[in-house]
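Inside the fold
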Amino acid sequence: MPAVPMNGQNETAEGAREPQAFSGNGHSALREANDQLAEANAKLKAVTEHVDELKEKLAKLTHDFEVANASKQEAMDAVDQGERKLNLAQRLATALSSENERWGENVQTLRRDAKLLTGDVLLASAFISYAGYVCSSNSL
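Residues numbered from 1 in each chain as written. Predicted model: local features only at pLDDT ≥ 70, side-chain atom pairs only at ≥ 80, totals over all residues. Heavy atoms only, no water.

**Considering the pattern of salt bridges**
Considering all chains together, one arrives at two salt bridges under this definition. Here K60 makes a salt bridge to D64, at a shortest N to O gap of 3.0 Å. Separated by four residues within a single helix, K60 and D64 lie in helix α1 (residues 25-131), roughly one turn from each other. In this structure K60 comes out as exposed when scored by relative accessible area, which is 52%. We note a salt bridge from R102 to E99, for which the minimum N-O separation is 2.7 Å. Of this pair, R102 and E99 both sit in helix α1, three residues apart, which is roughly one turn of that helix. Overall, R102 belongs to the partly exposed group, its relative accessible area being 40%. The exposure class assigned to E99 is partly exposed, which follows from its relative accessible area of 27%. (Salt bridge = Lys/Arg side-chain N within 4 Å of Asp/Glu carboxyl O. Helix = DSSP H or I, 4+ residues; strand = E, 2+ residues; numbered from the N terminus. Buried < 20%, exposed > 50% of the residue type's maximum accessible area, 1.4 Å probe, protein only.)

Structure, rendered in structure tokens:
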């Protein structure tokens, strides 16, 4: 029977030492520690999976948030453009309403002048008939 070292370890062929199996109380402590490690690893795995799920949800929510912000910005830009167009349309309508007044006055003036046109034409033709024809050679 080979001699067992005093430190409670066996030497292997490669010269490394491995722990000896303890009997009784030490073996149950090892089993208990392994059980605790297995429970901790199971909890760690569950927490890691939960964190991964939360990261996926966060990524999806972040993407949805960015899409919503882009849509909001497009809507705000459309509102700004619509307000500019409305302002220009109101200015145009105001300018055209003043033009409408001016055009109305011009129409009244032209109607008044149309009534006098016949008399003006008769007066001009009477003067030309009275004065006679004047050629350029006689006017010198």
